[in-house]
There are 2 protein chains.
Amino acid sequence: MSDSEVKPDLGRIAQHLEALEETIIARLIDRAQFRVNEPAYESHSSNFEGNPHESLFDIRLRFQEEMDAQFGRFHAPEERPFNKKLPPSRRKVSLPATCLQLENYEVINLSGDIRDAYLQLVPEICKSGDDGQYGSSVEHDVYAIQAIARRIHYGALYVAESKFLRDTMMYRKLIKQKDADQIYQKLTRSDVEKRIVDRVADKVDQMQAFTNKQIRHVIPPETILSLYRDVIIPLTKKGEVLYLLHRKE
Amino acid sequence: MSDSEVKPDLGRIAQHLEALEETIIARLIDRAQFRVNEPAYESHSSNFEGNPHESLFDIRLRFQEEMDAQFGRFHAPEERPFNKKLPPSRRKVSLPATCLQLENYEVINLSGDIRDAYLQLVPEICKSGDDGQYGSSVEHDVYAIQAIARRIHYGALYVAESKFLRDTMMYRKLIKQKDADQIYQKLTRSDVEKRIVDRVADKVDQMQAFTNKQIRHVIPPETILSLYRDVIIPLTKKGEVLYLLHRKE
């Protein structure tokens, strides 16, 4: 089957996005078991041998991506790295045929925005202060930020293609005019967004309902609600616009 | 405060072990979203450049530990690696004072047993068959097996020391006689073990109660119940015996 014959299935795309919600929440709950631990995010204070300038967070994220790159992670369209100059893959990865019409997935790399937003989120989900557990904190940061990035890039790519196919004439016109604002407006479905945000807040409660609060720090649903409303959904739409503007005909 | 002045707090140790249960379950649920994917565990079929003999699982576990070692993970008593010959730490890690009376934490490294038991668990929690997602599968394997190993080694070290202090005379006698079987019997608390196993099975249900079963694969509580009853608890006790036999006076 050639790529062009694969059609996006909006039901399956929505299901996949929904499944990723639980992963994101679980990862953030894991991170929240440690204090904010500010020094882990400060440049020049990693105390990492041979690396005096970067923060421990940035060093860990780069090490992780250097490993992941060798295992072929960034062949997947929705896996866009935070770092440049990563080593080549050492595995042959056979990806399933894709419906995406894009020459270069890297044109939709929102990792800079995601990194900034994530660093603002940390003090909202974690208890303030310092427990000295910098290594564990950045380890969990990396898993959480990778899950968030996967959600955003997956949505940007597949939702955009599926919306394009459902209203090809209209999008073709706006793409020709390079009218990013208008495309953004057309992509917006406030009812769907509200449903996602409410569902995510419910999940945060449900997933922590039986947690022993004496031993585990619980994160407030509002923090994840805002993450979705103010970061994940807008960045996904920003990525959708980029996808459409770069879509090959 | 010198190490010898720190006393183990059995309440806090039990709380930490309980908190680790949720991490283990969450990691296994993540892994179970992929098929068994047998080729990822077969030697000679990783297709990993420069590494024709190991399985993809073993290669990923080694890469992860080589990274973790540089970040100082294995300075922590309960973090015992699966691999030998890991690179030295590139961070100064300042660990909190410990109550443990042990020259070398590596004498309590049960990772061989843990690896074998984990590989038997995979086909019990995952749907059979092959979805081609070998890279993601072994990524989640590594997170799950690290969480299980941390639980076992933490319990082995800290529970043993705290039991020793509560019945020093008796344990001293058995240690002198090097009577491993008798120590194992004395360490066994069937009522506590039953409570742990039941609680874990309940948690598996609770953590998946709101899961949309159309889109996420649910793991049966019995699989994790058996993991605790037949693997985690016995290996923890095996580690406790080793701790006591190597405890410095």
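The preceding data block contains the structure.
Residues numbered from 1 in each chain as written. Chains lettered and ligands numbered in written order. Predicted model: local features only at pLDDT ≥ 70, side-chain atom pairs only at ≥ 80, totals over all residues. Heavy atoms only, no water.

### Some details on the overall build of chain A
Applicable threshold: Numbered from the N terminus, helices here are DSSP runs of H or I no shorter than four residues, and strands are runs of E no shorter than two. Here the globule rule is a power law, 2.2 Å times the number of residues to the power 0.38, and the radius of gyration is based on C-alpha atoms. Positive residues here are Lys and Arg, negative ones are Asp and Glu, while His and the chain termini are left out of the count. To locate a charge, take atom NZ for lysine, CZ for arginine, CG for aspartate or CD for glutamate.
A count of helices and strands for chain A gives 8 helices and 0 strands. Along chain A, helices (α) and strands (β) appear in the sequence α-α-α-α-α-α-α-α when read from the amino end. Relative to a compact globule of 249 residues, whose C-alpha radius of gyration would be 18 Å, chain A shows 19 Å and is just as compact. Seen as two clouds, the 37 positive and the 39 negative side-chain charges of chain A have centres 5 Å apart.

### Some details on the packing of aromatic side chains
For the record, the criterion: For Phe, Tyr and Trp, where Trp contributes only its six-membered ring, two rings pair if their centres lie within 6.5 Å, and the inter-plane angle classes them as stacked under 30 degrees, edge-to-face over 60, or tilted in between. Buried residues are those whose accessible area, probed at 1.4 Å on protein chains only, stays under 20% of the maximum for their type, while exposed residues exceed 50% and partly exposed ones sit between those limits. By definition, being over a ring means that NZ of Lys or CZ of Arg is both within 6 Å of the ring centre and within 35 degrees of the ring normal.
Taken as a whole and judged by the stated rule, the model has 13 aromatic pairs over all chains. Here A:Tyr143 and B:Tyr143 contribute two aromatic rings whose centre-to-centre distance is 4.3 Å and whose plane-to-plane angle is 45 degrees, an arrangement assigned as tilted. Note that A:Tyr143 is positioned in helix H4 (residues 134-166) and B:Tyr143 in helix H4 (residues 134-166), a pairing that runs across two chains. Assigned by exposure class, A:Tyr143 and B:Tyr143 land together as buried. Between B:Tyr41 and B:Phe57, the ring centres sit 5.6 Å apart and the planes meet at 45 degrees, which makes this aromatic pair tilted. Here B:Tyr41 is found in the loop between helix H1 (10-31) and helix H2 (56-70), whereas its partner B:Phe57 is found in helix H2, with 16 residues between them in sequence. A relative accessible area of 1% means that B:Phe57 is categorised as buried. Here the aromatic cluster, defined as three or more aromatic residues joined through ring pairs, consists of A:Tyr41, A:Phe57 and A:Tyr118. The side chain of A:Arg60 reaches across the aromatic face of B:Phe71, ending 5.0 Å from its centre.

### Points about the side chain of B:Asp68
Selection criterion: Any two residues whose heavy atoms approach within 4.5 Å are treated as being in contact.
With respect to the helices and strands, B:Asp68 occurs in helix H2. Once you skip the residues sitting within four places of it in the chain, B:Asp68 turns out to touch A:Arg60, B:Arg73, B:Phe74 and B:Gln146.

### Brief notes about empty space enclosed by the protein
The condition is simple: Definitions used throughout: a 1 Å grid over protein atoms alone; a cavity as a set of points that fits a 1.4 Å probe which cannot get out; a pocket as an open set with protein on both sides within 12 Å along at least five of seven lines; a lining residue as one with an atom within 4 Å of a point. Grid points are joined across faces, edges and corners, and a volume is the space filled by probe spheres set on the points. Polar here means any residue other than Ala, Val, Leu, Ile, Met, Phe, Trp, Tyr, Cys and Pro, which are nonpolar, and Asp, Glu, Lys and Arg, which are charged; Gly is therefore polar.
By the definition in use, this model includes 5 cavities of 30 Å³ or more. What the largest cavity holds in volume is close to 280 Å³. Secondary structure elements with two or more residues in the lining of the largest cavity: helix H1 (10-31) and helix H7 (190-208) of chain A together with H1 of chain B. When its residues are assigned to classes, the lining of the largest cavity shows 6 nonpolar, 6 polar and 6 charged.

### Let's talk about the interface of chain A and chain B
Note the following rule: Buried area: the sum, over both parts, of the accessible surface (1.4 Å probe) that disappears when the two are put together. Put simply, a salt bridge is a Lys or Arg side-chain nitrogen that is within 4 Å of an Asp or Glu carboxyl oxygen. N or O atoms closer than or at 3.5 Å make up a polar contact, with two conditions inside protein: a donor-capable atom paired with an acceptor-capable one, and, for residues adjacent in sequence, both atoms drawn from side chains.
Counting from both sides, the interface comprises 38 residues of chain A and, opposite them, 38 residues of chain B. For the pair chain A and chain B, the summed buried surface comes to about 3,700 Å²; carbon and sulfur atoms form 52% of the total. Counting across the chain A and chain B interface gives 8 salt bridges. In this structure, B:Asp68 engages A:Arg60 in a salt bridge whose closest nitrogen and oxygen atoms are separated by 2.9 Å. The interface formed by chain A and chain B includes 11 residue pairs in polar contact (both at pLDDT 80 or more). Elements with a minimum of two residues in the side of chain A that touches chain B: H1, helix H2 (56-70) and H4 of chain A. Of the residues forming the side of chain A that touches chain B, the biggest block, 8 residues, is contributed by H2(A). The residue makeup of the side of chain A that touches chain B, split by class, is 11 nonpolar, 14 polar and 13 charged.

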